[in-house]
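For reference, the chains in residue letters:
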Amino acid sequence: MGACIMSIPRTYSFARYLSAKKSVDDRALNQHVWQSLRAALPRATAEQPLHILEVGAGLGTTVERLYAGGMLTNAIYTAIDLEPTLIAEARRRLPQWAAAQGLQVQQECQAQLHMQRPGQDIRIATEAIDLFHFIAREQGQRTWDLLIAQALLDLVDVPTTLPALLSLLRPGGLLYCPITFDGSTVFEPEIDPEFDAAIEACYHQTMDHRLVAGKPSGDSRTGRHLFTHLQAAGVEVLAAGSSDWVVFAGPNGYAADEAYFLHFIIHTVHTALTGHPDLDAGRFTAWIAQRHAQVEQGTLVYIAHQLDVLGRVPAPIGETRE
Ligand SMILES: C[S@@+](CC[C@H](N)C(=O)[O-])C[C@H]1O[C@@H](n2cnc3c(N)ncnc32)[C@H](O)[C@@H]1O
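First things first, this report covers the structure right here in the doc. The structure presented is a predicted model; accordingly, all values stated were derived computationally and were not measured. (Residues numbered from 1 in each chain as written. Predicted model: local features only at pLDDT ≥ 70, side-chain atom pairs only at ≥ 80, totals over all residues. Heavy atoms only, no water.)

## Overview of the pattern of salt bridges
For the structure shown, the criterion picks out 15 salt bridges. Taking the shortest distance from any N to any O, the salt bridge between Arg16 and Asp257 comes out at 2.8 Å. In this pair, Arg16 sits in helix α1 (residues 14-28) while Asp257 sits in the loop between β11 (245-247) and α9 (258-273), placing the two residues 241 residues apart along the sequence. Accessibility expressed as a relative area gives 35% for Arg16, which makes it partly exposed. As a salt-bridge pair, Arg93 and Glu64 come within 3.1 Å of each other at their nearest N and O atoms. One end of the pair, Arg93, is in helix α4 (residues 84-100); the other, Glu64, is in helix α3 (residues 61-68), with 29 residues separating them in the sequence. (Salt bridge = Lys/Arg side-chain N within 4 Å of Asp/Glu carboxyl O. Helix = DSSP H or I, 4+ residues; strand = E, 2+ residues; numbered from the N terminus. Buried < 20%, exposed > 50% of the residue type's maximum accessible area, 1.4 Å probe, protein only.)

## What about the site of the ligand?
Every one of the 18 residues lining the ligand counts as a neighbour, but Lys21, Gly56, Asp81, Leu131 and Gln150 are closest to it. In the environment of the ligand, an oxygen atom lies 2.7 Å from a nitrogen or oxygen atom belonging to the side chain of Lys21. Contacts to the ligand include Leu82, whose backbone N or O atom sits 3.1 Å from a nitrogen atom. Contact with the protein chains hides 90% of the accessible area of the ligand, taken as 590 Å² for the molecule alone. Elements represented by at least two residues in the shell around the ligand include exactly α1 and α5 (131-138). (Near = heavy atom within 4 Å. Polar contact = N/O pair within 3.5 Å; in protein donor to acceptor, adjacent residues only side chain to side chain. Areas by Shrake-Rupley, 256 points an atom, 1.4 Å probe, with all protein chains shown as cover.)

## A closer look at the environment of Ala90
Tracing the chain through its elements places Ala90 in helix α4. Accessibility expressed as a relative area gives 2% for Ala90, which makes it buried. Sequence separation between Ala90 and Thr126 is 36 residues, and the spatial gap between their C-alpha atoms is 8.0 Å. With near-sequence residues (within four places) excluded, Ala90 lies in contact with Gly58, Leu59, Gly60 and Pro95. (Contact = heavy atoms within 4.5 Å.)

## Describing the packing of α9 against helix α10 (residues 281-297)
The geometry of α9 relative to α10 is characterised by a closest axis approach of 9 Å and an angle of 175° between their N-to-C directions. What the angle tells us is that α9 and α10 run roughly antiparallel. Residue-level contacts link Ala259, Leu262, His263, Ile266, His267, Val269, His270 and Leu273 of α9 to Phe284, Ile288, Arg291, His292, Val295 and Glu296 of α10. Split by residue class, the contact of α9 with α10 holds 8 nonpolar, 4 polar and 2 charged. (Axes fitted to C-alpha atoms, helices over the stretch in contact; angles between N-to-C directions. Parallel < 35°, antiparallel > 145°, perpendicular 65-115°, else oblique. Nonpolar A, V, L, I, M, F, W, Y, C, P; charged D, E, K, R; others polar.)

## Description of unusual backbone geometry
Following Glu188, the chain continues into Pro189 via a peptide bond in cis, with omega recorded as 0°. With a phi angle near 55°, Ile179 is a residue other than glycine that sits in the positive phi range. Following the sequence through the fold, Ile179 ends up in strand β7 (residues 169-188). Unlike most non-glycine residues, Ala256 shows phi in positive territory, near 40°. What makes Ala256 exposed here is its relative accessible area of 52%.

## Things to note about the packing of aromatic side chains
Under the counting rule described, the total for this entry stands at 16 aromatic pairs. Consider the rings of Phe14 and Phe264, whose centres lie 5.9 Å apart with planes at 55°: the pair is tilted. Here the residue Phe14 occupies a position in helix α1, and Phe264 occupies one in helix α9, the gap between them amounting to 250 residues. The exposure class of Phe14 is partly exposed, given its relative accessible area of 42%. Taken together, the ring pairs connect Tyr12, Phe14, Tyr17, Phe187, Trp245, Tyr260, Phe261, Phe264, Phe284, Trp287 and Tyr302 into an aromatic cluster. (Phe/Tyr/Trp six-rings, centres within 6.5 Å; stacked < 30°, edge-to-face > 60°.)

## A word on empty space enclosed by the protein
This structure, assessed with the given rule, holds 1 cavity of 30 Å³ or more. Lining the largest cavity are Arg91, Leu94, Pro95, Gln107, Gln110, Ala111, Gln112, Leu113, Ile124 and Thr126. Elements with a contribution of two residues or more to the lining of the largest cavity: α4, β4 (112-117) and β5 (120-128). Among the elements that make up the lining of the largest cavity, the one with the highest residue count is α4 (3 residues). Of the residues belonging to the lining of the largest cavity, the class tally is 5 nonpolar, 4 polar and 1 charged. (1 Å grid on protein atoms, 1.4 Å probe; cavity = no way out; pocket = protein on both sides within 12 Å on 5 of 7 lines; lining within 4 Å. Points joined across faces, edges and corners; volume = space filled by probe spheres on them.)

## Some details on the nonpolar core
Core analysis: the biggest nonpolar cluster contains 66 residues, and Leu37, Leu72, Tyr77, Tyr176, Trp245, Phe261 and Tyr302 have the highest contact counts within it. A per-element tally of this core places α9 first, with 9 residues. Sequence-distant contacts of Phe261, that is, excluding residues within four places in its chain, are made with Tyr17, Ala20, Lys21, Val24, Trp245, Val247 and Tyr302. (Core = buried A, V, L, I, M, F, W, Y, C linked by side-chain atoms within 4.5 Å.)

Remember that the coordinates give geometry; whether it matters functionally is a separate question.
Okay, here's the thing in structure tokens:
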């Protein structure tokens, strides 16, 4: 890719944003937490596959990453997301990805994918469903060994959602929640330090005050607050560390589709703060235009502070699965 990156998009696709986010996440994910996850996972065999549930799974990129990291050999993976368009895209994307890995792929039905090669047997079920409906349906019916919530907990009310999610884990089960936003959004170079800071503060407030179906749904400092919530829910934190997004243009411009990722982030800030009473409308419009222009020039640096956390729910003594 050349140094001149891309023109400002006219329309925005959340699916393309999530796809562009993958290379950003790959750099950001905390390796200590990732290796701790690997060490904590029980051994999976064809007879005793790992049962994994991912909520807010988006395009299913975590399946791809776990497989690449050697953590998905024998598994029954349930990936759910609220958005039918994202699940449709995951269903289109995953078989292509699996075939490219040399896996034998069987699409058993639209929602069930079976991937195999000697020593590996992975079944993936995808479903477009609200996680709260999913929990209500599955509670007391099924349990999982590992629950993954990536870039999700900052979108929900953690004190009420966490205990419900944890009820889906078997005793001794693991919770992995990477890319959890934690209170810092940085755009460089500065345009006007005071105005930049006001925009950041107003943007974080929109997360803190977000309501979904009339209920609180977000916290701009979810990452740091997670420790207290996990402790209250009886979860032992096995590993934690930062997973900041750091996006900048190198000698060849922004990596992969990351210019689009940046345009999307700026668009998100724009949408969230349009009409905000504390921001001068004309100044804000000019600020947004300047940030988009900085992406085109390859000068924008974007940093978001996030945390990855790995936890385990208690297991009665003698009931751990090796
Ligand atoms: C920031 S995206 C992250 C997607 C994916 N985990 C990733 O990191 O690429 C958050 C995802 O959570 C999903 N989501 C939000 N609220 C949800 C809910 N109540 N139930 C299920 N999914 C939800 C969204 O549709 C979106 O795909």
